[in-house]
Amino acid sequence: MNHNSPINHNEELKSSSSNGFKVALVGAPNCGKSSLFNALTGSRQKVANYPGVTVERRSGIYKTEHDSEITLIDLPGLYSMNDRSLDEKISRQVIMGEHETESRPDLILCVLDSTNIRVQLRLALELKTLRLPMVIVLNMADIAKRDKIEIDTQKLALDLGLKVITTTAVRRSGLASLRDVLDHDVSSIKAEKLNIPQKTSFKDIAELQKCAKKIAACAIISEGHYHKATKAIDKILLHPVLGLVIFLSLMVFMFQSVFSWSSVPMDIIEKGFALLAQGITAITPDNWLRSLLNDGMIAGVGSVLIFLPQIVILFTFILILESTGYMARAAFLMDKLMGSVGLNGRAFIPLLSSFACAIPGIMAARTIASNRDRLITIMIAPLMACSARMPVYTLLIAAFIPDQEVWGYFNLKGLVLLALFLTGIVFALIVAFIMKLTISKETAKPFLMELPKYQLPLLKNILLGLWERTKAFLRRAGTIILGTNVALWVLALYPTAPEGSSDPDINHSIIGIMGKAIQPIFEPLGFTWEICIALIPGMAAREVAVGALGTVYALQGDEDQVANSLEVMISQSWSLPTAFAFLAWYIFAPQCFATLATARRETNSWAWTGFMTFYLFALAYLSAWGVNVVTTHIIG
Amino acid sequence: MTLIKNLDTPTLKTLYLSDLEKGQTAIMTGFDTSKCPDQNFAKDLKERLMEMGFEENRRIEVFEKGLFFGDPIAVRIGHMTIAMRKADARAVTIKLGASCLHES
Ligand SMILES: Nc1nc2c(ncn2[C@@H]2O[C@H](COP(=O)(O)OP(=O)(O)OP(=O)(O)O)[C@@H](O)[C@H]2O)c(=O)[nH]1
Ligand SMILES: [Mg+2]
């Protein structure tokens with residue numbers, strides 16, 4: 001093609017403004033790529049203050065001031081083009097044009113952390129050898145200023161032979177220079193694309209480093225100082241003893257708060273649903289419609305939605321830990337423990353995220369360089385009690401554990417919840433240890449992790465993160481939970497109880513027959529047929545079982561019992577061994593299709609997915625059985 | 001600054017980053033991966049260290065050490081704090097001395 005002809009040129013410009021001029025954000029981990037991406041495209045990619053947050057490529061549309069569209073691609077961070085982990089590999093593939101589905105970008109925005117250009121310039125030089133048009137973005141200008149770091153951008157631009165701009169991703173005004181480039185310079189960049197002279201490619205990293213050092217020495221006017229607050233806080237939070245004590249206290253505090261702060265909003269939601277049910281009773285005749293609305297929908301969905309406050313509190317904690325920079329410190333503190341089962345601190349971050357949900361946790365395992373470690377981390381991620389277990393845990397704890405103070409401050413309910421979480425963690429470590437012994441060893445990978453400077457959490461990011469989570473929870477309540485409960489309700493209609501029988505109809509319905517048919521399997525665990533029925537839809541997602549129990553018990557109850565909450569119903573009809581066995585079952589059982597599907601995708605192996613499903617069910621069954629037997633024995 | 005004992009002795013023993021006490025600062029002199037268990041690991045470790053800013057003549061401070069056997073360690077180099085294992089820190093050679101307080 002002859003790109004010098006003006007006609008061709010214009011055509012190309014047009015096509016560039018209408019379809020796919022593609023700009024990729026590339027840079028070291030945690031330099032603010034996703035923050036820039038969100039600010040420019042209005043997306044809501046996860047942003048947090050630790051390296052390795054983004055593990056996938058994401059694209060979004062930036063609208064220029066002339067209303068044309070530019071495709072922006074957010075990529076996982078990487079330290080060099082010599083990728084070690086899967087997330088880095090994705091970035092390298094996209095940049096090199098080797099990615100299966102993403103074509104090579106037309107422009108690279110090379111994002112550097114202004115406070116660390118001394119090191120990060122090396123990556124910029126490496127990228128420059130790729131002969132792609134590139135603009136250097138010095139992000140975190142606000143922090144550089146705070147730490148008295150001064151950079152001569154003109155000098156830098158001259159030495160690199162590239163355009164250099166500064167940004168502050170977290171301030172609206174901090175993006176002006178970048179918008180300016182995207183609005184005005186893109187067409188000229190497109191035009192000069194082929195005129196970039198072939199660069200001598202660097203042979204090795206030492207050479208690049210030398211060159212980067214020279215350029216940095218010229219461009220840095222003032223070195224500034226290391227963030228004083230980070231230094232001071234780390235003296236405490238990384239302290240070998242104090243740091244661990246604080247970490248454990250934080251965990252205990254988190255679980256205590258989940259209980260103590262949620263009771264008021266939970267009461268309000270419960271009362272709201274009770275009022276709604278009363279209202280429906282008042283305006284509908286006593287027929288199938290009332291039962292469908294009250295027993296099928298409100299009893300089912302309401303009994304799950306009640307747990308929204310707890311999930312919100314748990315997520316708030318996790319989001320704050322993630323956005324302050326504490327996450328990487330926790331990984332540091334936990335490295336030795338993880339090391340004792342053959343993993344390293346790096347694996348701790350995916351595991352901690354799994355407390356919110358195992359799916360992002362399994363995805364985050366991509367940042368682990370060692371294949372074996374990554375596989376083990378994926379296999380044990382479902383043992384971290386995700387938020388979907390919260391409804392089941394709290395429901396049973398509320399029904400069976402007295403509201404008692406322990407040693408003055410602690411609440412017994414919170415402690416039991418903590419114990420459930422800890423059991424999952426302990427078993428995760430055991431499983432990891434066994435897997436480490438059995439899976440063949442490969443070359444070890446070094447554990448090197450950057451501990452970012454502390455930041456105050458951005459309220460906007462926390463609220464957005466919470467909202468995304470809440471939306472997902474509500475969407476599930478509105479779709480799968482509502483759907484299964486209505487289905488249960490229908491199946492519970494026929495056949496009805498025979499004449500003269502005092503049983504509720506449901507006991508003789510299809511549901512009752514099915515429940516009683518599978519109950520023998522779960523008999524040794526002490527599960528009733530109602531529980532067995534709830535477990536069937538509960539295989540799709542854990543909290544669905546709670547909704548199903550809500551409907552089953554609502555249908556069994558007399559009119560005057562309907563007002564009773566699920567908690568009361570369960571505390572009256574389950575024995576203590578049954579309740580404990582059910583809790584034990586829930587610690588392990590892999591009742592989440594989405595998690596299994598993610599594990600299948602990430603391991604790319606049915607065998608490993610099968611192994612995960614099998615070992616988790618086996619553990620669930622055995623431990624529930626054990627708990628049932630032991631508890632029965634103890635209480636006589 | 002407390003000096004490590006055998007510094008005064010004439011035998012010039014190589015010092016490693018893993019030898020530093022908590023709070024000590026030193027100047028990096030290079031890499032020595034000869035003690036690494038295998039060559040692939042050694043190469044990978046050295047490259048990754050370089051990518052994270054480990055470079056000759058830079059000032060390194062061991063900022064914190066873990067509770068058990070002083071492992072892992074948190075190292076401050078320039079504007080970065082890096083968590084690493086003590087075993088891996090054995091690949092970094094250093095020298096002590098107040099004369100080198102300036103970062104090159
Ligand atoms: N003060 C300040 N903070 C910023 C700026 N840009 C990003 N941050 C913060 O830096 C942290 C990392 O930002 P991200 O956007 O997640 O970084 P990333 O480059 O996408 O990180 P990875 O996905 O891990 O590669 C977050 O806590 C952001 O809020 C900035 O310009 N100024
Ligand atoms: Mg990101």
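Below is a short write-up of the structure. (Residues numbered from 1 in each chain as written. Chains lettered and ligands numbered in written order. Predicted model: local features only at pLDDT ≥ 70, side-chain atom pairs only at ≥ 80, totals over all residues. Heavy atoms only, no water.)

**Overview of the sheet that holds strand β1 (residues 15-16) of chain B**
Next up, step 1: Spatially, β11(A)-β5(B)-β4(B)-β3(B)-β2(B)-β6(B)-β1(B) is the arrangement adopted by the seven strands of the open sheet, whose pairing is antiparallel. Bordering the open sheet on either side are β11 (448-451) of chain A together with β1 of chain B, each of which pairs with just one other strand.
Next up, step 2: Direction of pairing for β1(B) relative to strand β6 (residues 92-95) of chain B: antiparallel, over a ladder of two bridges. Within β6(B), the position partnered with B:Leu15 by the bridge is B:Ile94. (Pairing = 2+ DSSP bridges. Helix = DSSP H or I, 4+ residues; strand = E, 2+ residues; numbered from the N terminus.)

**Describing the packing of aromatic side chains**
All names here are of chain A.
Next up, step 1: Inspection of every chain in the model, using the stated rule, returns 18 aromatic pairs over all chains.
Next up, step 2: On the basis of an interplanar angle of 85° and a centroid distance of 5.5 Å, the ring pair of Phe522 and Trp585 is categorised as edge-to-face. Of this pair, Phe522 sits in helix α21 (residues 510-522) while Trp585 sits in helix α25 (residues 576-588), placing them 63 residues apart in sequence. Judged on exposure class, the residue Phe522 and its partner Trp585 are both buried. (Phe/Tyr/Trp six-rings, centres within 6.5 Å; stacked < 30°, edge-to-face > 60°. Buried < 20%, exposed > 50% of the residue type's maximum accessible area, 1.4 Å probe, protein only.)

**Comments concerning the site of ligand 1**
All names here are of chain A.
Next up, step 1: As a structural note, the neighbourhood of ligand 1 is formed by 25 residues, with Lys33, Ser34, Ser35, Thr54 and Asp142 the closest of them.
Next up, step 2: Within the contact set of ligand 1, an oxygen atom lies 2.7 Å away from a side-chain nitrogen or oxygen of Lys33.
Next up, step 3: In this structure, Val53 approaches ligand 1 through a main-chain N or O atom, which is 2.8 Å from an oxygen atom.
Next up, step 4: In the complex, 97% of the free accessible area of ligand 1, which totals 650 Å², lies under the protein chains.
Next up, step 5: Among the elements of the structure, α2 (33-41) and α5 (141-146) are those that each provide at least two residues to the shell around ligand 1.
Next up, step 6: A total of three residues in the shell around ligand 1 trace back to one element, the largest contributor, which is α2.
Next up, step 7: When the residues that make up the shell around ligand 1 are grouped by side-chain class, the tally is 12 nonpolar, 11 polar and two charged. (Near = heavy atom within 4 Å. Polar contact = N/O pair within 3.5 Å; in protein donor to acceptor, adjacent residues only side chain to side chain. Areas by Shrake-Rupley, 256 points an atom, 1.4 Å probe, with all protein chains shown as cover. Nonpolar A, V, L, I, M, F, W, Y, C, P; charged D, E, K, R; others polar.)

**Examining the interface of chain B and chain A**
Next up, step 1: Taken together, the contact pairs 39 residues of chain B with 44 residues of chain A.
Next up, step 2: Between chain B and chain A, the buried area comes to about 3800 Å², and carbon and sulfur atoms account for 58% of it.
Next up, step 3: Of all residues in chain B, the largest losses of buried area upon contact with chain A belong to B:Arg48, B:Glu51 and B:His79, amounting jointly to 20% of the total for that side.
Next up, step 4: Applying the counting rule to chain B against chain A returns seven salt bridges.
Next up, step 5: The partner of B:Asp71 in a salt bridge is A:Lys336, with the nearest N and O atoms 3.2 Å apart.
Next up, step 6: Only α1 (39-51), β3 (59-65), β4 (73-77) and β5 (80-84) of chain B provide two or more residues apiece to the side of chain B that touches chain A.
Next up, step 7: With nine residues, α1(B) is the largest single contributor of residues to the side of chain B that touches chain A.
Next up, step 8: The residue makeup of the side of chain B that touches chain A, split by class, is 17 nonpolar, seven polar and 15 charged.
Next up, step 9: Bridge count for β11(A) against β5(B) is four bridges, and the pairing is antiparallel. Looking at the pairing, A:Met449 lines up with B:Ala83 of β5(B). (Contact = heavy atoms within 4.5 Å. Buried area = accessible area lost by both parts, 1.4 Å probe. Salt bridge = Lys/Arg side-chain N within 4 Å of Asp/Glu carboxyl O.)

**What about the coordination of the magnesium ion (ligand 2)?**
All names here are of chain A.
Next up, step 1: At the metal site, the magnesium ion (ligand 2) is ligated by Ser34 (OG) and Thr54 (OG1), and these contacts range over 2.0 Å. Pair noted here: Ser34 is in helix α2 and Thr54 is in the loop between α2 and β2 (58-63), with a separation of 20 residues, a long-range link.
Next up, step 2: Taking relative accessible area as the criterion, Ser34 reaches 8% and is therefore assigned buried.
Next up, step 3: Judged by relative accessible area, Thr54 falls into the buried class, the value being 11%. (Donors = N, O, S within 2.8 Å, 3.2 Å for Na, K, Ca; no water.)

**Quick notes on the side chain of A:Gln209**
Next up, step 1: Within the secondary structure, A:Gln209 sits in helix α8 (residues 205-219).
Next up, step 2: Residue A:Gln209 is classed as buried on the basis of its relative accessible area, which comes to 8%.
Next up, step 3: Leave out the neighbours within four places in its chain, and A:Gln209 touches A:Arg122, B:Met50, B:Phe54 and B:Glu55.

**Here we look at the sheet that holds strand β5 (residues 134-139) of chain A**
Sheets are built from strands that pair by backbone hydrogen bonding, the pairs being arranged parallel or antiparallel.
All names here are of chain A.
Next up, step 1: Spatially, the six strands line up as an open sheet ordered β2-β3-β1-β4-β5-β7, and their pairing is mixed. The open sheet has two edge strands, β2 and β7 (163-166), and neither has a second partner. If you compare each strand with its neighbour and ignore which way they point, the axes differ by 25° on average.
Next up, step 2: As judged from the four bridges shared by β5 and β7, these two strands associate in the parallel manner. Counted as the bridge partner of Ile136 is Val164 from β7. (Axes fitted to C-alpha atoms, helices over the stretch in contact; angles between N-to-C directions.)

**Quick look at the pairing of β2(A)**
Residue and element names in this part refer to chain A.
Next up, step 1: By the bridge criterion, six bridges tie β2 to strand β3 (residues 69-74) in an arrangement that is antiparallel. Across the sheet, residue Ile61 finds its bridge partner in β3, namely Thr71.
Next up, step 2: Following β2, the chain reverses through five residues before pairing antiparallel with β3; Asp67 in that reversal takes a positive phi of roughly 65°.

**Focus on the packing of helix α23 (residues 544-556) of chain A against helix α24 (residues 566-573) of chain A**
Residues and elements named next belong to chain A.
Next up, step 1: Between α23 and α24, whose axes approach to 10 Å, the crossing angle comes to 75°. When the interaxial angle is binned, α23 and α24 end up roughly perpendicular. Together, Val546, Leu549, Gly550 and Tyr553 of α23 and Leu566, Met569, Ile570 and Ser573 of α24 make up the contact between the two elements.
Next up, step 2: Residues of the contact of α23 with α24, tallied by class, amount to six nonpolar, two polar and no charged. (Parallel < 35°, antiparallel > 145°, perpendicular 65-115°, else oblique.)

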